[in-house]
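Observations on the model geometry
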Protein chains: 4
Amino acid sequence: MTDITPEVQEAIDRVRDDVAALHSELVRYGLVVWTGGNVSGRVPDADLFVIKPSGVLYDELTPANMILCTLDGAVVEGSPGSDRSPSSDTAAHAYVYRNMPDVGGVVHTHSPYAVAWAAYGEPIPCVTTAMADEFGGEIPIGPFAIIGDDSIGRGIVETLSGHRSRAVLMKNHGPFTIGKDARDAVKAAVMVEDVARSVLFSRQLGTPNPIPQPAIDSLFNRYQNVYGQDPTGSLN
Amino acid sequence: MTDITPEVQEAIDRVRDDVAALHSELVRYGLVVWTGGNVSGRVPDADLFVIKPSGVLYDELTPANMILCTLDGAVVEGSPGSDRSPSSDTAAHAYVYRNMPDVGGVVHTHSPYAVAWAAYGEPIPCVTTAMADEFGGEIPIGPFAIIGDDSIGRGIVETLSGHRSRAVLMKNHGPFTIGKDARDAVKAAVMVEDVARSVLFSRQLGTPNPIPQPAIDSLFNRYQNVYGQDPTGSLN
Amino acid sequence: MTDITPEVQEAIDRVRDDVAALHSELVRYGLVVWTGGNVSGRVPDADLFVIKPSGVLYDELTPANMILCTLDGAVVEGSPGSDRSPSSDTAAHAYVYRNMPDVGGVVHTHSPYAVAWAAYGEPIPCVTTAMADEFGGEIPIGPFAIIGDDSIGRGIVETLSGHRSRAVLMKNHGPFTIGKDARDAVKAAVMVEDVARSVLFSRQLGTPNPIPQPAIDSLFNRYQNVYGQDPTGSLN
Amino acid sequence: MTDITPEVQEAIDRVRDDVAALHSELVRYGLVVWTGGNVSGRVPDADLFVIKPSGVLYDELTPANMILCTLDGAVVEGSPGSDRSPSSDTAAHAYVYRNMPDVGGVVHTHSPYAVAWAAYGEPIPCVTTAMADEFGGEIPIGPFAIIGDDSIGRGIVETLSGHRSRAVLMKNHGPFTIGKDARDAVKAAVMVEDVARSVLFSRQLGTPNPIPQPAIDSLFNRYQNVYGQDPTGSLN
């Protein structure tokens, strides 16, 4: 178990702040309703992550009621917020952190356009340069899995391991996204809904034009290396 | 008739506060325009409920202008707000309270995606895990019924009695939802629009993938028992 | 020409306030972008109406920059705001006021779902009880008419005279609505977009269920007479 | 190279203010998510333009962090904001300014309905009078072009030179718009999304009604000359 040194405590506090604040991006971009959706963030250099409590309204989320968990998904007893239950998707987040050591953030929503593709059960084809930039190709469909054991987490990890996409659409369920940190995973959640929407609209006109694979490769490689102020890029 | 003891008065005041405040959730989630839509809440341990006035803008709703009614839908004379008419759907709410004693809240909206299904006249099929969680299966269609007598109330009660769903789409009209209290019925109204939207989007891609009945049953039973901070779950 | 007595001046000021404020409802309900859309209101007991200036952003509209016009659409010289041009749709509004004496308000928008029906050129069928309540049947299509003479105004008047609907979809253009006053016309603009949206969504599922004519008649007659706090109902 | 006289400096400051402020219109009208989208404005009487920094959130944009560039797309060293990278689309903006001397503003977004048409690869047909007013006909599709050289800029210039439309949908990418200044280009970005949306909705009903070419010509000519408070009209 992780020893909570002053350095680790500082890291926990920073992740609590980030995770609590990032939930407002889910609201801003219309990805969630009521208490649905959740963001988590790994505590750097510790076997811990921070996640949203279950069934609490977005207006009431604060750093102090975020919940600190170990990598097997157990609440750290006595820590702030530990009187509440963590998100009902905690086991899936924990499974991802245990099995994908480079992942620093996980997000789950029921954003409506991504859910539409998840219910239809077909990957979102890569027909926009923004998709090529951000996801490097199609958004894959993960298996149908029921909450209650590790099958959701396993489906996420199996689908995304070695895949360029930071987003998976779990069949009949919705998107899970990963990132180098919580912010990066939230960005992926915002972008997956954006492309799910545009491509669905495009399908209403007819069959969208495919982008040739070499162009997709070129866009993805460039974007991961040079975009933005941060040269380290995102996870993938 | 109910005797207005200090305890009942306190309960009335609490329900007035809740019902007035909960209308803002209808606005927040885009379920209503202009003065359409209404929330009501039963006063616990009394044959009374509180409902929105008719034809008043959402910005002008306050606890004091909510209207107190008896279970036959008559305004309690002399109570605050009683100089106004109650919602034109009051008779339907009253019918539900008289005939479904466990119902503590009723909501009606013309939320656009749910109305689309109501006008088409087909139940929303259960193709997302969120629907299975929240409604335990499809959202049923109620009969076509005209305002002015008990036919809307009767249609709601006949459709929802013994049904897992807390939402019914009255044909060519729109959704009515019930709950253990007003908040729970509002949540159902938010969720029914959310699933109506996602499933309609999914139908634009093709035929959504059905979820096997045992998986629906398992999701519904789990969600009703363990989700959220409140172990008592919602009405159904 | 109207003599501007103190009573008329007071009425003008009231209509300026109303018309300026009501434009924010067009923004709130997503009916307009940029400077598009306009509301006007007749000055009671005077041959005058007040309308939005042309090409001014919604944030910059105030009672003082609304423009006072005579019923032939000319700006009243020297009145506040008269240094600006009135809405480019002023001639159409003026034509309606001249030819429909019971109309006290006119609204024009390019709200997206109503425009979709206008471009398709087919009336919105009456398949929801809210449409029956508010419009008494289908929303009619007006003729294709070009700005610059009285053809838009004439198209509106010819389509709506003797029609239950307070809204007309001018072909390839968009909705014009009328009302007993500016507020009532704004309500009709909000409602026509709402029904345009729901019925378009319903058409994506298949053919919506028609409502029998006697039920439409009954709903319309009831709603015009008893709904809301104001027993006088709206124009039609 | 431009000599930064006090007059030029004043012009730069004005354009910084405008460009920073105009980005909020992209947010207001739902044209952008996260850090996507960018506005630039030419500095009058100077071979310079001002553009958004790359990868910075909309809430954090200020006049001081806008980036000043020469017409070959290089950052002016030592100027405020020059410690950051300019938008990754800077080369395309620069190419337009070099090759279209009347253009004073350029905007790029991934607004969802315009992207849908871009991915489908078909021009938006002119089926509403608002399109005829604003764009004088259909919105054209530009070539598929990859970021990294001048091919995007060249595609924009080749498509829009001599075209009435101030908007081009770059294939599988999204809209670029031009204007006499940054505000005019932003207006075109708002309007192209508005028409992309209405026409896509209309296509869901069936085939929209075409507008005869003479009527399109008449509407376009009138609108460019007389609409709004500013008789000079917009660029085209």
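Note that this is a predicted model, so its numbers are computed, not measured.

What follows concerns the packing of helix H6 (residues 182-205) of chain A against helix H3 (residues 112-120) of chain D. Two elements in contact, H6(A) and H3(D), have axes whose closest approach is 8 Å; the angle formed by their N-to-C orientations is 55 degrees. It follows that H6(A) is oblique to H3(D) by the angle criterion. Seen from above, H6(A) lies across H3(D) with right-handed handedness. Within the contact between the two elements, H6(A) uses A:Arg197, A:Ser198, A:Phe201, A:Ser202 and A:Leu205 and H3(D) uses D:Pro112, D:Tyr113, D:Val115, D:Ala116, D:Trp117, D:Ala119 and D:Tyr120.

Attention now moves to the UniProt feature "domain: Class II aldolase/adducin N-terminal" (unreviewed entry) in chain A. When the UniProt feature table is mapped onto this chain, "domain: Class II aldolase/adducin N-terminal" (unreviewed entry) is found at residues 17-200 of chain A. This span, residues 17-200 of chain A, is 36% helix and 16% strand, and a straight line between its end C-alpha atoms measures 35 Å.

All names here are of chain A. Across chain A, the average pLDDT comes to 94, with 94% of residues at 70 or higher. Residue range residues 230-236 is modelled with pLDDT below 50. Its contacts to residues more than four positions away, or to other chains, number 22 contacts. Taken together, the chains of this predicted complex give a pTM of 0.95 and an interface ipTM of 0.94.

Before going further, it helps to examine the pairing of strand S3 (residues 67-70) of chain D. In regular strands, side chains alternate between the two faces of the sheet. Residues and elements named next belong to chain D. In S3, alternate side chains face the same way, and those of Ile-67 and Cys-69 on one face and Leu-68 and Thr-70 on the other are all buried. Two elements, strand S2 (residues 48-51) and S3, share 4 bridges in a ladder whose sense is antiparallel. What sits directly across from Phe-49, in S3, is Cys-69.

Time to look at the interface of chain A and chain B. Across the boundary between the two partners, chain A contributes 30 residues, which contact 32 residues of chain B. In total, about 2,800 Å² of surface goes out of reach between chain A and chain B, with carbon and sulfur atoms giving 59% of it. Per-residue buried area on chain A facing chain B is highest for A:Val33, A:Trp34 and A:Asn172; these three make up 27% of the total on that side. The interface formed by chain A and chain B contains 1 salt bridge.

Turning our eyes to something else, we now look at the pattern of salt bridges. All names here are of chain B. Using the criterion set out here, one finds 40 salt bridges over all chains in the structure. As a salt-bridge pair, Asp-194 and Arg-197 come within 2.9 Å of each other at their nearest N and O atoms. Note that Asp-194 and Arg-197 are positioned in helix H6 (residues 182-205) at a spacing of 3 residues, about one turn of the helix. The class of Asp-194 is buried, set by a relative accessible area of 8%.

Residues and elements named next belong to chain D. The strand order across the open sheet built from 7 strands is S3-S2-S1-S4-S7-S6-S5, with neighbouring strands paired in mixed fashion. Looking at the sheet topology across the chains shown, the edges are occupied by S3 and strand S5 (141-142). On top of the sheet, helix H1 (residues 6-28) reaches strand S1 (38-42), S2, S3 and strand S4 (105-108); it is set at about 155 degrees to S1, its chief contact.

Residues and elements named next belong to chain C. Pairing is mixed across the open sheet formed by 7 strands, whose spatial order is S3-S2-S1-S4-S7-S6-S5. A strand with exactly one partner marks an edge of an open sheet, and here the two such strands are strand S3 (67-70) and strand S5 (141-142). Inspection of the sheet shows strand S1 (residues 38-42) paired to strand S2 (residues 48-51) by 3 bridges, in the antiparallel sense. The partner of Gly-41 across the bridge, within S2, is Val-50. Sitting on the sheet, helix H5 (residues 151-160) is in contact with S5, strand S6 (167-170) and strand S7 (174-179), with an inclination near 135 degrees to S6. Most of the contacts of helix H6 (residues 182-205) go to S7, to which it runs at about 145 degrees, and overall it touches S1, strand S4 (105-108), S6 and S7.

A few words on the packing of aromatic side chains. Taken as a whole and judged by the stated rule, the model has 16 aromatic pairs over all chains. For the ring pair A:Phe49 and A:Tyr97, a centre distance of 4.9 Å and an interplane angle of 35 degrees mean the geometry is tilted. Linking A:Phe49 in strand S2 (residues 48-51) with A:Tyr97 in helix H2 (residues 90-99), this pair joins segments that are 48 residues apart in sequence. An aromatic cluster is defined as three or more aromatic residues linked by ring pairs; in this entry it consists of A:Tyr113, A:Phe201, B:Tyr113, B:Phe201, C:Tyr113, C:Phe201, D:Tyr113 and D:Phe201.

At the junction of the two partners, chain D supplies 30 residues and chain A supplies 32 residues. A buried area of about 2,800 Å², summed over both sides, lies between chain D and chain A, and 60% of it is on carbon and sulfur atoms. Among the residues chain D hides against chain A, the three largest losses belong to D:Val33, D:Trp34 and D:Asn172. Together they make up 27% of the total. On the surface where chain D and chain A come into contact, there are 1 salt bridge. With a closest N to O distance of 2.9 Å, A:Arg28 and D:Asp59 form a salt bridge.

All names here are of chain B. Within the secondary structure layout, Gly-155 lies in helix H5 (residues 151-160). Placed 63 residues apart in sequence, Gly-155 and Ala-92 show a C-alpha to C-alpha distance of 9.2 Å. With sequence-adjacent residues up to four places away left out, Gly-155 is seen in contact with Pro-143 and Met-170.

Cut-offs and rules
Residues numbered from 1 in each chain as written. Chains lettered and ligands numbered in written order. Predicted model: local features only at pLDDT ≥ 70, side-chain atom pairs only at ≥ 80, totals over all residues. Heavy atoms only, no water. Axes fitted to C-alpha atoms, helices over the stretch in contact; angles between N-to-C directions. Helix = DSSP H or I, 4+ residues; strand = E, 2+ residues; numbered from the N terminus. Parallel < 35°, antiparallel > 145°, perpendicular 65-115°, else oblique. Left-handed = near helix turned anticlockwise from the far one by under 90°. Contact = heavy atoms within 4.5 Å. UniProt positions renumbered as here; feature names shortened; annotations may be inferred. pLDDT = per-residue confidence, 0-100. Buried < 20%, exposed > 50% of the residue type's maximum accessible area, 1.4 Å probe, protein only. Pairing = 2+ DSSP bridges. Buried area = accessible area lost by both parts, 1.4 Å probe. Salt bridge = Lys/Arg side-chain N within 4 Å of Asp/Glu carboxyl O. Phe/Tyr/Trp six-rings, centres within 6.5 Å; stacked < 30°, edge-to-face > 60°.

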